[in-house]
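So you can see what is in the structure, the chains are spelled out below.
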Amino acid sequence: MTDTDVRKDAEHSGPGGYAAARLRLLTEGARSGPPRRAALAELTDDWLTRLVTAAADGIRGVSLVAVGGYGRGELSPRSDLDLLLLHDGGDTKAVAALADRIWYPVWDLGLALDHSVRTPSEARKTAGDDLKVQLGLLDARHIAGDLGLTTALRTAVLADWRNQAPKRLPELQELCAERAVRQGELQYLLEPDLKEARGGLRDATALRAVAASWLADAPREGLADARRRLLDVRDALHLATGRATDRLALQEQDQVAADLGLLDADTLLRQVYEAARVIAYASDVTWREVGRVLRSRAVRPRLRKLARERSDFLRRAVAGDGRALGGKPVTERSPLAEGVVEQDGEVVLARTARPERDPVLPLRAAAAAAQAGLPLSLHAVRRMAASVRPLPTPWPAEAREQLVTLLGSGRPTVDVWEALEAEGLVTRLLPDWERVRCRPQRNAVHVWTVDRHLIETAVRASELTRRVGRPDLLLVAALLHDIGKGWPGDHSTAGEIIAKDVAARIGFDRAEAAVLSTLVRHHLLLIETATRRDLEDPATVRAVADAVGTPGTLELLHALTEADALATGPAAWSSWRGALVADLVKRVAAVLAGDAPEEPEPAAPTAEQERLAIEAFRTDGPVLALRAQTEPVMAEHVGDPEPLGVELLIAVPDQPGVLPAVAGVLAVHRLTVRTAELRALRLPDDVDDGSVLLLNWRVAAEYGSLPQAARLRADLVRALDGSLDIAGRLAERDAAYPRRRGRVAPPPRVTVAPAASHHATVIEVRAQDAPGLLCRIGMALEKAEVRVRSMHVSTLGSNAVDAFYVTTQAGTPLPAGDAASTARVLEETLRA
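Calculation criteria
- Residues numbered from 1 in each chain as written.
- Predicted model: local features only at pLDDT ≥ 70, side-chain atom pairs only at ≥ 80, totals over all residues.
- Heavy atoms only, no water.
- Helix = DSSP H or I, 4+ residues; strand = E, 2+ residues; numbered from the N terminus.
- Buried < 20%, exposed > 50% of the residue type's maximum accessible area, 1.4 Å probe, protein only.
- Contact = heavy atoms within 4.5 Å.
- Areas by Shrake-Rupley, 256 points an atom, 1.4 Å probe, with all protein chains shown as cover.
- Pairing = 2+ DSSP bridges.
- Axes fitted to C-alpha atoms, helices over the stretch in contact; angles between N-to-C directions.
- Parallel < 35°, antiparallel > 145°, perpendicular 65-115°, else oblique.
- Left-handed = near helix turned anticlockwise from the far one by under 90°.
- Nonpolar A, V, L, I, M, F, W, Y, C, P; charged D, E, K, R; others polar.
- Salt bridge = Lys/Arg side-chain N within 4 Å of Asp/Glu carboxyl O.
- pLDDT = per-residue confidence, 0-100.
- Phe/Tyr/Trp six-rings, centres within 6.5 Å; stacked < 30°, edge-to-face > 60°.
- Polar contact = N/O pair within 3.5 Å; in protein donor to acceptor, adjacent residues only side chain to side chain.

Caption draft 1: Seen up close, the overall build of the protein chain. Looking only at helices and strands, the protein chain has 30 helices and 15 strands in total. Classification of the 832 residues of the protein chain by burial places 51% in the buried group. Partitioning the contacts of the protein chain with sequence separation of at least 6, the portion at a separation of at least 24 is 71%. Looking at the protein chain as shown, the accessible area adds up to about 38200 Å², and 51% of this sits on carbon and sulfur atoms.

Here's what the structure looks like:
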């Protein structure tokens, strides 16, 4: 259908014709993007023009004006119609009646309407009081009525905006900053608000307003395309949901991606992130320029007088070498490095710099900027991107040193790196970076895209460089540890190969490259082992020592583990996890130093454990004790000691079903299990020759306060004798458990860890965390007739990763066939 056909349908059928033509335009597949938005705006213009013409009935001195997004001719399927009925202040009753005859047909069609009725002076006064109104009027566009009235208002509003820019632009910048804090950064959010988040459509509109002020202008390259891409995504989102929404929710992403002809939701998010990054970077550059101009204007009158006095002085005082009396150079450009200077709060290239002859210049300028805590000038970055020669392979030593300096500069590294990325310099230096650039991470634990996470890890690692003998290897490993996430398969395995290649390219020798590839390959080894394995088991410690190889590599891996976790998000690191990792590192270091671990003797029960066991035997029921625990935060962190939960000691006469009963009761009471250990304790000969199961668990309340020990014991008694329907209680909890629509969680996976222990079989469970998960696992293991020696649980966001050390009833590791069968049955149980 052509635009002419659409307009004819609308003309011949009144509002109903407009509605039909609008629907046809939105549902035909041949047109989308800017052409459809423009056609929808034109169709709406024609309809509103006919409404005004029919309703005006001789009224003069009025015009209908589109403002905001409609004023720009950018109507998304569910966009509001932003309309201003402008009048000259004549017959106000007639104007009010005219407004009703325009607004009501719009409402009758179910269209969202943002409307106002004002004279030009009222519009200007409102704009002066309300920045959002003024921004909308900057895009005012005439639809119908008195064209002169609209033109005069546009001229006056633009003049007001330019005259008031020194006052209004800081207000606009503050508004943008507040919105960024409230909505987050579009380029990192899994469910971003396309309009309100930083780098979204609101920021793109703000950049247009800055340009209209004539005070500064945004970098234009790529900006229009980025804005168009976000508008296209919003159009598809409106059509997919049937609602006027700007939030790209998880459950809508697959449909939106399909409607846009994209491969999948990850491809969609990556395009959104790339667009947001362009807009966010342009905003940073623009607001920096606005600040520079406003500062310059503020000091200009005073400087004119000073300049006259200084000029007279310099004519008398400047010596032949260009120095004033006293020896201070007469210059406003401060040298930072070869070819790099500071000027007006930015890092720029020196006049003598020759990027076409100096391939190290981009890294040298970036390192100097990060060290000085200053932004890289947009002009400098673009000049280097346009003319710099590629670095030779391997890199010269200076290039490698400048990269390490850049990575070790702390928080300023982030902005400098983003400036290099904006002009494509990072992928020229490190081609493998392209695969991780703007790559989303669909994991609630991660708060950054892959590329930003790598830079954040380097920032965190820069704080730990005093702990290691080779800080350069630590920083480069931080930059590369997740580089394999852009490739199929295990990202650690893929990253090991890439890291070895990159290390050789940037000039590390073979031994150094081997260390870097080992760090990348095993960057998850310490945290996973410490939280999921029995550190008392010599096989656990020996396996880590064999993988790491040397004390120096262990030292680096320890620091990398902490930096990686801290850069992941608040759920990935705590003093509890840090203490576990430190304990593992201490044990591995002893092995690497030649102290082979011996098979540990069973630890003698403490006096309290023995007392609880005797009481449990005498009462023939469970006995428990709760004890709060805290541990000092590690030396690198500042703050109060972090609570590690509550130690729960339980003694129960040896009997079947203890694990699921205890786990079920804790789940009913909303207690999260962090660690758990079970063992049979022989009673003293003078008491009896029986045995008691001793459970030493660390638990924490999901929210609120901990339950009383008496209540826990009472429910545990009922669970063991079968009078407490744990399964029913947990089913009620599960039915009420909040679920997100959209992506279905991956199915559980249960595996047998090979050679993980000499004295038990290790079964590892990865599943979606839910109330009662440990209870279900315990019940399945009971049915398999295996004994649980200990377990190590870890919850990362919504994912549970638990390791169970199990034995036969005789206390020996399971035969291979039985182990595989147990894992298979457990997985089937969890999938049911």
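Once you've had a look at it, read on.
Caption draft 2: Spotlight on unusual backbone geometry. P394 follows T393 through a cis peptide bond whose omega is -5 degrees. One non-glycine residue, D620, lies in positive phi territory at about 55 degrees. Summarising the element assignment, D620 is placed in the loop between α25 (607–619) and β8 (623–631). Of the residues examined, D620 reaches a relative accessible area of 62% and is grouped as exposed.

Caption draft 3: How the structure looks around helix α29 (residues 773–783). Residues L773, L774, C775, I777, G778, A780 and L781 constitute the buried set of α29. E785 lies just past α29 and shows a positive phi near 60 degrees.

Caption draft 4: Representation of the environment of V426 within the structure. Relative to the helices and strands, V426 is located in helix α16 (residues 425–429). In sequence terms V426 and L363 are 63 residues apart; their C-alpha atoms lie 9.7 Å from each other. The residues contacting V426, other than those within four sequence positions of it, are W417, L420, E421 and W433.

Caption draft 5: The arrangement of the sheet that holds strand β3 (residues 113–118) in detail. Reading across the sheet, the four strands line up as β3-β2-β1-β4 and stay open at both edges, with mixed pairing between neighbours. A strand with exactly one partner marks an edge of an open sheet, and here the two such strands are β3 and β4 (141–145). Looking at each pair of strands side by side, their axes are set apart by 25 degrees on average, direction ignored. Here four bridges tie strand β1 (residues 62–66) to β4, and the two strands are oriented antiparallel to one another. For A66, the partnering residue across the bridge sits in β4 and is R141. Packed on one face of the sheet, helix α2 (residues 34–56) meets β1, β2 (81–87) and β4 and runs near 35 degrees to β4.

Caption draft 6: Here's a closer look at the packing of helix α19 (residues 491–505) against helix α20 (residues 510–521). Axis separation between α19 and α20 bottoms out at 8 Å; the angle between their running directions is 155 degrees. In terms of orientation, α19 and α20 fall into the roughly antiparallel class. For the pair α19 and α20, the crossing hand works out as right-handed. Of α20, the residues touching α19 (which contributes S492, T493, G495, E496, A499, K500 and A503) are A513, L516, S517, V520 and R521. A per-class count over the contact of α19 with α20 returns five nonpolar, four polar and three charged.

Caption draft 7: Structural view of the pairing of strand β5 (residues 333–337). Sheet topology places β5 next to strand β6 (residues 340–343); four bridges connect them, and they run antiparallel. When the bridges of β6 are listed, S334 appears paired with E342. Counting the residues between successive antiparallel strands, the hairpin from β5 to β6 contains two residues, one of them, G339, with a positive phi of roughly 80 degrees.

Caption draft 8: Structural detail: the pattern of salt bridges. Under the definition given, this model contains 50 salt bridges. Its salt-bridge partner being K485, residue D482 comes within 3.3 Å of it at the nearest N-O pair. When its relative accessible area of 2% is taken as the criterion, D482 is described as buried. On the accessibility criterion, K485 (23% relative accessible area) is partly exposed. We note a salt bridge from R532 to E528, for which the minimum N-O separation is 3.6 Å. Of this pair, R532 and E528 both sit in helix α21 (residues 525–532), four residues apart, which is roughly one turn of the helix. Each of R72, E74, D139, R208 and R227 takes part in one network of salt bridges that share partners.

Caption draft 9: Broad picture of the confidence of the model for the protein chain. The predicted model of the protein chain averages 85 in pLDDT, with 86% of residues at 70 or higher. Residue range residues 5–13 is modelled with pLDDT below 50. Its contacts to residues more than four positions away, or to other chains, number 16 contacts. Every residue in residues 630–644 is under pLDDT 50, and counting partners more than four places away or in other chains gives 34 contacts.

Caption draft 10: Broad picture of the packing of aromatic side chains. Under the definition given, this model contains four aromatic pairs. On the basis of an interplanar angle of 5 degrees and a centroid distance of 4.3 Å, the ring pair of Y18 and W47 is categorised as stacked. Highlighted residues: Y18 in helix α1 (residues 3–27) and W47 in helix α2, separated in sequence by 29 residues. Exposure remark for Y18: the relative accessible area of 0% places this residue in the buried category. The class for W47 is buried, based on a relative accessible area of 2%.

Caption draft 11: Representation of helix α22 (residues 538–548) in the model. Those residues of α22 lying buried are P538, A539, T540, V541, V544, A545 and V548. The N-capping residue of α22, defined by a side-chain oxygen 3.0 Å from the backbone nitrogen of A539, is D537. Positive phi appears at G549, one or two residues downstream of α22, with a value of about 95 degrees.

Caption draft 12: Just the packing of helix α7 (residues 147–183) against helix α8 (residues 201–212), in detail. Close contact between α7 and α8 brings their axes to 9 Å; oriented N to C, the two are set at 155 degrees. By the angle between their directions, the pair α7 and α8 is classed as roughly antiparallel. Along this stretch, α7 crosses α8, giving a crossing that reads as left-handed. Mapping the contact onto sequence places L158, W161, R162, L169, L172, C176 and R179 in α7 and R202, D203, A206, A209, V210 and A212 in α8.

Caption draft 13: Main features of the sheet that holds β6. Taken in spatial order, the three strands of this open sheet run β5-β6-β7, and their pairing is antiparallel. With one partner strand each, in any of the chains shown, β5 and β7 (346–349) form the two edges of the open sheet. Here the average twist between neighbouring strands, direction ignored, is 40 degrees. Packing of helix α12 (residues 361–372) onto the sheet brings it into contact with β5, β6 and β7, and relative to β6 it is tilted by some 40 degrees.

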